[in-house]
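Analysis of the macromolecular model
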Amino acid sequence: MSAKSIFKTLNSVLDQEVSLVCRDQKNWVSDPHSDFSRKRSGLSFDTVLRSVYHFCEVPISSMMPQLVPLTADSSTLPWDTALCAARKKINPEAYIEIFNRFNEKTRRDSLFNGYHVFAVDGSEQGVYGSSSTKHMKSHSKNGSERMFVHINALYDVLENTFQDAIIQPGAFRNEDEALLELAASMPVDLLSSSVLTADRGYESLILFYRLIRLGARFCIRIKDIDSYNSLLKGFGFPEDEEFDSWFSFILSSSPTEREQNPFRYKYLWNYKNISEFSSSRFLDLNIRIVRFPLEKADGSVTWECLATNLSEEEFTAQDLKELYRLRWNEESSFNHLKHHLSIGRLRSRTLGGIEQEVFAKMTLQNLASRVRNILENKKKGKKHSHRISLSNVIHQVRRYLFNNSLPERFDIDSFISRETAAVIPGRPDTRTKYKRR
């Protein structure tokens, strides 16, 4: 199949799912009796629903001429304020439903050692402040106080697609709770056949305990032995020692036992907020910790530690290193969301409107990723696998969204494949660091 036919097929699937939601519009509006009952405004439920997928950096008033042809009556051009008011009538669950349906129709199972691999991470996104967004005001990761939401995403690192997301107001940001909620919302059969990966921000003994109780498998980076609050502090491991061992901890609501045996007992100072301690003073936790060296691009060596409940028979230390390396794909996906799909400039000030935009744009990125995955599978057989630029694919997705009549003379195959890069395993690369303004 050519890139054009692949895109038309997937674009048609998305268009069909949007149309199905539009047929049942009464299930997705705030007031089924009055919302979108007026015909003279030119803004039907279908038009308003699809408009969010077209949002970009330019003002809404500049996009209105592109949106009007989607309406049944294009004789009048609605005001941008009318579009914003109409958006508030649509329940954000409509976009979540389209997101889930599209994923279900287009998903392809890619496995690592027989398991799906999902990365969990969060990203802050600033919003415009108002009196109704005070719950979004809090201190961000860089220490400044501002208005923002925290997007917690579950990401398939093998398919490079989003699986789910939870959006929290800045004042109520809680990455650990979001991870547990994302894991609990997964179908039981999918959770049992998946591995969750995360960075050091998710290092928490009670989180590990709850994930194990939930039946989830995980591989999470933790602080190295030289950190002042490392789990392994005081064990006496040499700084240049590589190991792969199981550790048995007892989580305690009392500091007394820790004073007697600090290596086995771990006192949780916030025990009053942990419901598990209401029925027991102690909680048993067995985890496997792997420590290994990583060589940087400049030749220096850094040490990393991973905490997991995966057995050595299923995943060797080298497999765990590869799992953590794959987690970086989610970091790149957030970059595409913000810079190529305009999540970096949210139009909404309400949490419901922000959910509309985020799930709409995640759906588009999944569409673009699936187009790229199919094209890259066709190019297998060379010395090195080649990665197609996702930004090029996203550009074409946005350009011809909901339009299956692509120009016959337009060579979309060569345009999408214009920028490719060879994927060379084990090649170190420097991480670009940007100065904060």
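Residues numbered from 1 in each chain as written. Predicted model: local features only at pLDDT ≥ 70, side-chain atom pairs only at ≥ 80, totals over all residues. Heavy atoms only, no water.

Per the secondary structure count, the chain includes 14 helices and 12 strands. Of all 437 residues assigned to the chain, the portion counted as buried reaches 48%. Restricting to contacts in the chain with at least 6 residues of sequence separation, those with at least 24 account for 68%. Just so you have it, the chain exposes about 22,300 Å², and 48% of that area is on carbon and sulfur atoms. (Helix = DSSP H or I, 4+ residues; strand = E, 2+ residues; numbered from the N terminus. Buried < 20%, exposed > 50% of the residue type's maximum accessible area, 1.4 Å probe, protein only. Contact = heavy atoms within 4.5 Å. Areas by Shrake-Rupley, 256 points an atom, 1.4 Å probe, with all protein chains shown as cover.)

Glancing now at the pairing of strand S3 (residues 145-156). With respect to burial, S3 is a largely interior element, 10 of its 12 residues being buried. Alignment of strand S1 (residues 116-126) against S3, held across 9 bridges, turns out to be antiparallel. Bridge assignment links glutamine 125 to a residue of S3, and that residue is valine 149. Bridge count between strand S2 (residues 137-139) and S3: 3 bridges; the pairing is antiparallel. Looking across to S3, one finds that histidine 139 is bridged to glutamate 145. Note that S3 and strand S4 (residues 161-169) share 8 bridges and pair antiparallel. Bridge pairing links aspartate 156 to threonine 161 in S4. Hairpin connection between S3 and S4: a loop of 4 residues separates the two successive antiparallel strands, and asparagine 160 in this loop has a positive phi of roughly 55°. (Pairing = 2+ DSSP bridges.)

A few words on the nonpolar core. Formed by 76 residues in total, the largest nonpolar core has its most connected members in Leu14, Phe45, Leu49 and Leu323. Here this core takes 10 residues from helix H12 (residues 351-378), the largest share from any one element. Excluding residues within four positions of it along the chain, leucine 323 makes contact with Phe112, Val117, Val195, Thr197, Cys219, Leu310 and Phe315. Counting 40 residues, the second largest nonpolar core, distinct from the first, contains Ile166, Leu191, Phe247 and Ile274. (Core = buried A, V, L, I, M, F, W, Y, C linked by side-chain atoms within 4.5 Å.)

This paragraph deals with the pattern of salt bridges. Applying the stated criterion across every chain yields a total of 21 salt bridges. Its salt-bridge partner being aspartate 224, residue arginine 291 comes within 2.7 Å of it at the nearest N-O pair. Of the two residues, arginine 291 is situated in strand S9 (residues 282-295) and aspartate 224 in the loop between strand S6 (217-222) and strand S7 (243-252); the sequence distance between them amounts to 67 residues. Across the pair, aspartate 224 and arginine 291 agree in class, each one buried. (Salt bridge = Lys/Arg side-chain N within 4 Å of Asp/Glu carboxyl O.)

Direction of pairing for S7 relative to S9: antiparallel, over a ladder of 10 bridges. Looking at S9, one finds that tryptophan 246 is bridged to arginine 288. Where S7 and strand S8 (residues 265-267) come together, 3 bridges link them in parallel fashion. Bridged to serine 252 within S8 is tyrosine 267.

Applying the stated criterion to the full structure yields 13 aromatic pairs. An angle of 5° between the planes, with centres 6.2 Å apart, marks the rings of phenylalanine 247 and phenylalanine 249 as stacked. With a relative accessible area of 10%, phenylalanine 247 lands in the buried category. Ring pairs connect the aromatic residues Tyr53, Tyr95 and Phe402, which therefore count as one cluster. Positioned above the aromatic ring of phenylalanine 402 is the side chain of arginine 50, whose terminal nitrogen or guanidinium carbon lies 4.7 Å from the ring centre. Across from the ring centre of phenylalanine 36, 5.5 Å away, lies the NZ or CZ of lysine 89, which sits over that ring. (Phe/Tyr/Trp six-rings, centres within 6.5 Å; stacked < 30°, edge-to-face > 60°. Lys NZ or Arg CZ within 6 Å of the ring centre and 35° of its normal.)

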